[in-house]
Amino acid sequence: MVRKLAYQLNHKLERRFPEQRLFLRSEDGTRFIILSPVTQLVGWLGSAAFISWAIIATAVLLMDSIGSGNVRDRAMREQQLYEHRLQVLADERDARAAEAVAAQERFNLALAQISEMQSELLSSEDRRKELETGIDVIQATLRRTMKERDEARGVVETMLAEAGGESGDGSSTRPADLGKTVAFLLAALDETATERDQALTAAAETRDFAENLVFDQRLRDERNDQIFRQLEDAVAVSLEPLDQMFDAVGLSSESLLDTVRRGYSGQGGPLMPLVLSTKGAETDPDTLRANEILGELDRMNLYRIAAEKLPFGMPVKSSFRYTSGFGTRWGRLHAGTDMAGPVGTPIYSTADGVVTHAGWLSGYGRLIKIQHEFGIETRYGHLSAIKVKVGQRVSRGDRIGDMGNSGRSTGPHLHYEVRVNGNPTNPMTYIKAARNVF
């Protein structure tokens, strides 16, 4: 049966693959091998399969090479884009810092203007009181002069009437004495009239001057109101991102400010509240507004002090990439954030504090612990070099070590932790919260 099927198959394939003989010649003789159509078909199919496999394998290798090249190019482009973004963020941070410095300078200038204006207000208030007193004196003098004039006029009329009566009766008349008396009274009346006119002129000038003072006072009040509005808006804009930053990390801003205020309780200087009266008089609205602005500026200053004591800074300022975040990893809690970069990359303190550990610690390798205010601790692990000592006080931005690969690590990176009262918390919460402020 098999031979019959092979014969039929060979017969059908003879047109395409006629029988071939392969001669093999040697010293002993000549031999040949018969290549049947089926054998030729099998050889052809095998050759075709081998060639197809070679083509496919070559194509796969080429595609893999092209694909790996594209991946490397894409990785390089992403790295360049990331570095460009970091540069943009650094420029924005520098611009925000410059704006903050400019705002502080504007605040200082505005405070100086407020102090000058308050001095002018006090001076103008004193001048106004003096003018009111002068006007009262002039009016009293004028009334007294007019009263004396009326009395003198009445006396003259009485004396003239008496003189006329004595002349009619033919009694002892003294015209010379009467003429002197009348001349004296007329001179007194003229002098009184002159004094009255001078008093009226002085009163009119004083009234005009008082009206000008009122007008100047109104202009000064409007200018003060505009300055106060600008200061209030600037303070509100400056305080809003600070409030959001502390709210984002879940810290009570009031308790933080109270703690800072207790530590910085000295008084005096330009931010002291303004007091214009020592006699229990009611404080004017401008003073109240100025005190409110000074209070907000003091709050902003306390915020700045608190921010220096909390880990809002970046531990790595050079180019790096995040390789592992806070959370569960391989069934265990990864208590920090990993930032990978070259060995020797500078590592900086993220807040003011005191170094409590600077040495080797099991899986951390070379580790630095810094204790900050409010029960917060930061940790910097896998370092290649440590540049601080235990007990040393550091400030935010101080270089404390270099990135490395010590301890249980798969490559050079920084393991950065933030712990609150001993409990690990996500460091990115502090880093993201500070992006709109620092």
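On a predicted model such as this, the values are computed, not experimentally measured, just so you know.

Asks: Describe in detail the overall build of the protein, supporting the description with residues and values.
Replies: Summing up its helical and strand segments, the protein has 6 helices and 14 strands in all. When the 438 residues of the protein are sorted by exposure, 28% land in the buried category. When contacts within the protein are restricted to residue pairs at least 6 apart in sequence, long-range pairs at least 24 apart make up 66% of them. With the model as given, the accessible surface of the protein reaches about 28,500 Å², and the carbon-plus-sulfur share is 55%.

Asks: Describe the pairing of strand 1 (residues 20–25), and please don't skip the residues or the numbers.
Replies: Pairing of strand 1 with strand 2 (residues 30–35) involves 6 bridges; the strand directions are antiparallel. Residue Leu22 lies in a different strand from strand 2, and its bridge partner there is Ile33. Between the end of strand 1 and the start of strand 2, which pair antiparallel, lie 4 residues.

Asks: Describe the nonpolar core, listing the residues and the values that go with them.
Replies: By size, the foremost hydrophobic cluster in this structure holds 45 residues, and its most contacted members are Leu297, Phe312, Ile347, Ile368, Tyr380, Ile400 and Leu414. Only helix 2 (37–169), helix 3 (175–248), helix 5 (285–309), strand 9 (365–371), strand 10 (376–386), strand 12 (399–403), strand 13 (413–420) and helix 6 (427–433) provide two or more residues apiece to this core. Top element by residues in this core is helix 5. It accounts for 8 residues.

Asks: For the side chain of His382, give the residues involved together with the corresponding values.
Replies: Along the polypeptide, His382 turns up in strand 10. If we skip the residues at most four places from it in the chain, His382 touches Gly363, Tyr364, Arg366, Met403, Gly404, Asn405, Ser406, Gly407, Arg408, Ser409, His413 and His415.

Asks: Please provide a residue-by-residue account of the side chain of His334, values included.
Replies: Among the secondary structure elements, His334 is positioned in strand 5 (residues 332–334). Side chain to side chain, His334 and Asp338 meet in a polar contact 3.2 Å long. When near neighbours in sequence (up to four residues on either side) are disregarded, His334 contacts Ser324, Gly325, Phe326, Gly327, Thr328, Arg329 and His415.

Asks: How would you explain the pattern of salt bridges if you had to name every residue and give the values?
Replies: Within the structure shown, the criterion is met by 6 salt bridges. Note that Glu99 and Arg96 form a salt bridge whose closest N and O atoms lie 2.8 Å from each other. Note that Glu99 and Arg96 are positioned in helix 2 at a spacing of 3 residues, about one turn of the helix. Using a relative accessible area of 44% as the deciding quantity, one classes Glu99 as partly exposed. Judged by relative accessible area, Arg96 falls into the partly exposed class, the value being 37%. The residue Glu377 makes a salt bridge to Arg379 at a minimum N-O spacing of 3.1 Å. Beyond isolated ion pairs, a larger network of salt bridges with shared partners links Lys387, Arg399 and Asp402.

Asks: Could you give me a rundown of a nonpolar patch on the surface, with the residues and numbers involved?
Replies: On the surface, a cluster of nonpolar side chains totalling about 490 Å² of accessible area is made up of Phe50, Ile51, Trp53 and Ile55. Structurally, Ile51 is set in helix 2.

Asks: Hey, could you go over the environment of Glu132 for me, with residue numbers and the actual values?
Replies: Assignment of secondary structure puts Glu132 in helix 2. Here Glu132 falls in the partly exposed class, since its relative accessible area comes to 39%. A C-alpha to C-alpha distance of 8.8 Å links Glu132 and Thr206, two positions 74 residues apart in sequence.

Asks: A description of a negative patch on the surface should follow, citing residues and the corresponding values.
Replies: Residues Glu148, Glu151, Glu191 and Glu195 make up a contiguous surface patch of negative charge. Inspection of the secondary structure puts Glu151 in helix 2. With a relative accessible area of 48%, Glu151 lands in the partly exposed category.

Asks: I'd like to hear about unusual backbone geometry, residue by residue, with values.
Replies: Excluding glycine, residues mostly have negative phi values, and the peptide bonds linking residues are mostly trans. Here Phe374, not a glycine, exhibits a phi torsion of approximately 65°, which is positive. Tracing the backbone through its elements, the reader meets Phe374 in the loop between strand 9 and strand 10. Positioned with a positive phi, Asn421 is a non-glycine residue whose angle comes to about 55°. Residue position: Asn421 is located in the loop between strand 13 and strand 14 (423–425).

Asks: Can you lay out the packing of aromatic side chains for me, pointing to particular residues and giving the numbers?
Replies: Inspection of the entire model under this criterion finds 4 aromatic pairs. Note on Phe50 and Trp53: the rings are 6.0 Å apart at their centroids and 35° apart in plane angle, and the pair reads as tilted. Here the residue Phe50 and the residue Trp53 both occupy positions in helix 2, the gap between them amounting to 3 residues, near one helical turn. Accessibility assignment for this pair places Phe50 and Trp53 in one class, exposed. A centroid spacing of 5.0 Å and a plane angle of 85° characterise the contact between Phe320 and Tyr322, whose relative ring orientation is edge-to-face. According to the relative accessible area criterion, Phe320 is buried, its value standing at 8%. A cation over a ring is seen here: Lys317 above Tyr348, with NZ or CZ 4.6 Å from the ring centre.

Asks: Tell me about the confidence of the model for the protein, and name the residues and values.
Replies: Here the protein averages 78 in pLDDT, while 83% of its residues score no lower than 70. A low-confidence stretch, residues 269–279 (pLDDT under 50), is modelled with 17 contacts involving residues beyond four sequence positions or located in other chains.

Quick notes on the rules
- Residues numbered from 1 in each chain as written.
- Predicted model: local features only at pLDDT ≥ 70, side-chain atom pairs only at ≥ 80, totals over all residues.
- Heavy atoms only, no water.
- Helix = DSSP H or I, 4+ residues; strand = E, 2+ residues; numbered from the N terminus.
- Buried < 20%, exposed > 50% of the residue type's maximum accessible area, 1.4 Å probe, protein only.
- Contact = heavy atoms within 4.5 Å.
- Areas by Shrake-Rupley, 256 points an atom, 1.4 Å probe, with all protein chains shown as cover.
- Pairing = 2+ DSSP bridges.
- Core = buried A, V, L, I, M, F, W, Y, C linked by side-chain atoms within 4.5 Å.
- Polar contact = N/O pair within 3.5 Å; in protein donor to acceptor, adjacent residues only side chain to side chain.
- Salt bridge = Lys/Arg side-chain N within 4 Å of Asp/Glu carboxyl O.
- Patch = residues over 30% accessible without salt bridge, like charges linked within 9 Å, V, L, I, M, F, W, Y side chains within 5 Å.
- Lys, Arg positive; Asp, Glu negative; His and termini not counted.
- Charge placed at Lys NZ, Arg CZ, Asp CG, Glu CD.
- Phe/Tyr/Trp six-rings, centres within 6.5 Å; stacked < 30°, edge-to-face > 60°.
- Lys NZ or Arg CZ within 6 Å of the ring centre and 35° of its normal.
- pLDDT = per-residue confidence, 0-100.

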